[in-house]
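Report on the structure
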Amino acid sequence: MDQFFDFLRSYWWLVFPLSGMAGGWARQWSKASERRHRRRVELYTLKNQAVQAEQASQAQVAALMAAHDAVNRRWLDYELDVGKLIDFPVMTDVREPLTVAFLRAKKAADGLRPDAPGDITTAARLAEYRTAVHGFELAFDVAEREAMRIKDHNFSELERQRLTTARKLLNIASDSAATPAERQTAYRRARKELDGLIVLPAVTVAALEVKIAGELNAPHASE
């Protein structure tokens, strides 16, 4: 032990460089710890951003699906209302380029629609669906504006009279105050008036017949 203290007394000056070295090691260790901490923070941030990006993508898909549904509902308004189709016959006229373009855009969007927002997992797939939905919206807007502008002006005077007659007959066919025989006759005559003028989609005919059948089967107030 005495030799140790003798060594310290003889080489006390080594304390200063050794202290400096120890301080350097301490600083290096501290910096390394800080770097490790920063890397952990960066990794956490990246993982959190990835989760947020995935959630944002699903939110975007959900918004696109809602926009897609909104256009489909606008089209369904025509399909389920034969009176509206009579007023704006261009909407079902496949001889009209704008109508054809709308129907093609609808088919493209419907074909790319996912069953659930989570089904779209890549940016490319999201972009493809977004383009299809926006194209669908635009094509429908253009076709509808044209249909409202033209109305029945593509028809001759005689054909417009037939359309007017068909609309009146359909009102009778849907009138609960008319007798079953009157409604059935009116419906058959309306279909005859429309024949060759407007091609009614199958869903339109089905909805119309269900409505009329409901009126025919509904109990009268006097019963």
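For the structure, see preceding data.
Values in this document were obtained by computation on a predicted structure and should not be read as measured data. (Residues numbered from 1 in each chain as written. Predicted model: local features only at pLDDT ≥ 70, side-chain atom pairs only at ≥ 80, totals over all residues. Heavy atoms only, no water.)

**Some points on the overall build of the protein**
We count it as follows: Secondary structure counts use DSSP, requiring at least four H or I residues in a row for a helix and at least two E residues in a row for a strand, with both numbered from the N terminus. Accessibility here uses a 1.4 Å probe with only protein chains present; expressed as a share of the type maximum, an area under 20% marks a residue as buried, one over 50% as exposed, and anything in between as partly exposed. What makes two residues a contact is simply this: any of their non-hydrogen atoms within 4.5 Å. Note on areas: Shrake-Rupley with a 1.4 Å probe; residue coverage comes only from the protein chains shown.
Assigned secondary structure in the protein consists of eight helices and zero strands. Out of the 223 residues belonging to the protein, those deemed buried represent 29%. In the protein, the proportion of contacts linking residues at least 24 apart, taken out of those at least 6 apart, comes to 71%. Total accessible area computed for the protein in this model is approximately 14,800 Å², and 58% of it derives from carbon and sulfur atoms.

**Thoughts on helix 4 (residues 97-112)**
Definition in use: A helix's residues, less one, multiplied by 1.5 Å, set its expected span. This arc corresponds to the set of directions leading from the helix axis out to the C-beta atoms.
Taking 1.5 Å per residue, 16 residues should reach 22 Å; helix 4 reaches 23 Å between its end C-alpha atoms and fits that length. The set of residues buried in helix 4 consists of Thr99, Phe102, Ala105, Lys106 and Ala109. The buried residues of helix 4 occupy an angular sector of 125° when projected down its axis, which confines them to one face. Exposed residues on helix 4 whose side chains face more than 90 degrees from its buried face are Pro97, Arg104, Lys107 and Gly111.

**Thoughts on a positive patch on the surface**
Counted only if it meets this: Patches here are clusters of residues that have more than 30% relative accessible area and form no salt bridge, with a 9 Å joining cutoff for like charges and a 5 Å cutoff for nonpolar side chains (Val, Leu, Ile, Met, Phe, Trp, Tyr). Only one rule defines a salt bridge in this text: a Lys or Arg side-chain nitrogen within 4 Å of an Asp or Glu carboxyl oxygen. Counting rule for charge: Lys and Arg are taken as positive, Asp and Glu as negative, and neither His nor the chain ends is counted. For this purpose, a charge sits on NZ of Lys, CZ of Arg, CG of Asp or CD of Glu.
Where like charges cluster on the molecular surface, the positive patch consists of Arg27, Lys31, Arg35, Arg36, Arg38, Arg39 and Arg40. Residue class for Arg38 comes out partly exposed when judged on its relative accessible area of 44%.

**Quick look at the packing of helix 4 against helix 5 (residues 123-150)**
Helix-helix packing is described using two parameters, namely the angle between the two axes and the distance between the axes. Quick reminder of the rule: Every axis in this analysis is a line fitted to C-alpha atoms, fitted for helices over the stretch in contact. Angles between the N-to-C directions lie between 0 and 180 degrees. Should an angle fall under 35 degrees it is called roughly parallel, over 145 degrees roughly antiparallel, and 65 to 115 degrees roughly perpendicular, with every other angle called oblique. In a left-handed crossing the near helix is turned counterclockwise from the far helix by less than a right angle, and in a right-handed crossing that turn is clockwise. In the scheme used here, Gly and all other residues not listed as nonpolar or charged are polar, with Ala, Val, Leu, Ile, Met, Phe, Trp, Tyr, Cys and Pro taken as nonpolar and Asp, Glu, Lys and Arg as charged.
At a minimum axis separation of 8 Å, helix 4 and helix 5 run at an interaxial angle of 155°. When the axis of helix 4 is compared with that of helix 5, the two are roughly antiparallel. Along this stretch, helix 4 crosses helix 5, giving a crossing that reads as left-handed. Contact residues: helix 4 offers Leu98, Ala101, Phe102, Ala105, Lys106, Ala108, Ala109 and Leu112, while helix 5 offers Arg125, Glu128, Tyr129, Ala132, Val133, Gly135, Phe136, Ala139, Phe140, Val142, Ala143 and Glu146. Split by residue class, the contact of helix 4 with helix 5 holds 15 nonpolar, one polar and four charged.

**Focus on the packing of helix 6 (residues 157-173) against helix 7 (residues 180-194)**
The contact between helix 6 and helix 7 brings their axes to 8 Å, and the two run at 155°. Relative to helix 7, the element helix 6 is oriented roughly antiparallel. Relative to helix 7, the crossing made by helix 6 is left-handed. Residues Arg162, Leu163, Thr165, Ala166, Leu169, Leu170, Ile172 and Ala173 of helix 6 pack against Glu182, Arg183, Ala186, Tyr187, Arg189, Ala190, Lys192, Glu193 and Leu194 of helix 7. Split by residue class, the contact of helix 6 with helix 7 holds ten nonpolar, one polar and six charged.

**So, the environment of Ile198**
As for its placement among the helices and strands, Ile198 is situated in the loop between helix 7 and helix 8 (202-217). Counting along the chain gives 107 residues from Ile198 to Met91, while the straight-line C-alpha distance between them is 9.7 Å.

**Side note on the packing of aromatic side chains**
Selection rule: A pair of Phe, Tyr and Trp rings is counted when the ring centres sit within 6.5 Å of each other, with Trp represented by its six-membered ring. The angle between the planes then sorts it: under 30 degrees is stacked, over 60 is edge-to-face, the rest tilted.
This model, assessed by the stated rule, comprises five aromatic pairs. The rings of Trp75, Tyr78, Phe102, Phe136 and Phe140 are connected pair by pair, giving a single aromatic cluster.

**Describing a nonpolar patch on the surface**
Taken together, the side chains of Leu76, Leu80 and Val203 present a nonpolar region at the surface, about 220 Å² in accessible area. Considering the arrangement of structural elements, one finds Val203 in helix 8.

**Points about the side chain of Glu96**
Where we set the bar: The definition of a polar contact used here is a pair of N or O atoms within 3.5 Å, where within protein one atom must be able to donate a hydrogen and the other to accept one, and adjacent residues in sequence count solely through side-chain atom pairs.
Examined against the element boundaries, Glu96 turns out to sit in the loop between helix 3 (82-87) and helix 4. Engagement of the side chain of Glu96 in a polar contact is seen with the side chain of Asn154, the distance being 3.2 Å.

**Considerations on the pattern of salt bridges**
Per the counting criterion, the structure on display carries nine salt bridges. Ionic pairing is found between Asp141 and Arg74, a salt bridge with its closest N-O pair at 2.8 Å. Pair noted here: Asp141 is in helix 5 and Arg74 is in helix 2 (residues 15-79), with a separation of 67 residues, a long-range link. The class for Asp141 is partly exposed, based on a relative accessible area of 25%. Here Asp110 and Lys106 are joined by a salt bridge, their closest N and O atoms 3.1 Å apart. A residue pair is termed a helical-turn pair when its members lie 3 or 4 positions apart in one helix, as Asp110 and Lys106 do in helix 4 at four residues. What makes Lys106 buried here is its relative accessible area of 18%. Look at the salt bridges and you will find they share partners, linking Arg74, Asp141 and Glu144 into a network.

Functional significance is not addressed by these values, which are geometric in nature.
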